[in-house]
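# Inside the fold
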Amino acid sequence: VQLQASGGGLVQAGGSLRLSCAASGLTFSRYFMGWFRQAPGKEREFVVAISWSGTGTAYADSVKGRFAISRDNPKSTMYLQMNSLKYEDTAVYYCARRRTAFGVQSRKLGDYDFWGQGTQVTVSS
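Residues numbered from 1 in each chain as written. Predicted model: local features only at pLDDT ≥ 70, side-chain atom pairs only at ≥ 80, totals over all residues. Heavy atoms only, no water.

According to the stated counting rule, one finds 5 salt bridges in the structure shown. Note that Asp-113 is salt-bridged to Arg-97, the shortest N-O span being 2.7 Å. In this pair, Asp-113 sits in strand 10 (residues 112–115) while Arg-97 sits in strand 9 (residues 91–98), placing the two residues 16 residues apart along the sequence. (Salt bridge = Lys/Arg side-chain N within 4 Å of Asp/Glu carboxyl O. Helix = DSSP H or I, 4+ residues; strand = E, 2+ residues; numbered from the N terminus.)

Now the structure itself:
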C-alpha cells in the first residue's frame, strides 16, 4: 500500500489550497480514509475522515465549515479542499488509511495503518 500526498504550499491567511492523496496497492473503495496534521512541537491530530463510499464525513471542530473532504474511488484519490486558511492551520498534512476494510469511522491515529509521506502547508499571517 502506498499513499502519496501532494498539493501543499505557502499561502496567505484567508487563502485556499487543495490537497490530494493518491493511493495504490489497495482496493481503495473499501476503506475509510483520513487526513491528519502535525504542527511543529505538537502531536499529530485528526482533521477529517471520509467513508468508503464518500457519503459519510467527520470533521474536527477546528476545520468544520472551512475544509471539505472528497474522494474519487475510480481514481483511488482523496482530496482535501481547504478554504479560509488560518495561521494555525500550518502543519504537515498526512493522509491515512483506516485499518479495517469497511470499518467504522474513527478519529484515532492508532486506527489507521498506512500513512502518506506528508505535505507541508504553511499559512502566513
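Okay, the layout of surface pockets next. Roughly 180 Å³ of internal volume is contained in the largest pocket. Taken together, Arg-37, Gln-38, Ala-39, Pro-40, Lys-42, Glu-43, Glu-45, Tyr-87, Glu-88, Thr-90 and Ala-91 make up the lining of the largest pocket. (1 Å grid on protein atoms, 1.4 Å probe; cavity = no way out; pocket = protein on both sides within 12 Å on 5 of 7 lines; lining within 4 Å. Points joined across faces, edges and corners; volume = space filled by probe spheres on them.)

Moving on, we come to the environment of Ala-39. By the element assignment, Ala-39 lies in the loop between strand 4 (33–38) and strand 5 (45–50). Ala-39 sits 24 residues away from Val-63 along the chain, and the two C-alpha atoms are 15 Å apart. Beyond its immediate chain neighbours, meaning those up to four positions away, Ala-39 contacts Thr-90 and Ala-91. (Contact = heavy atoms within 4.5 Å.)

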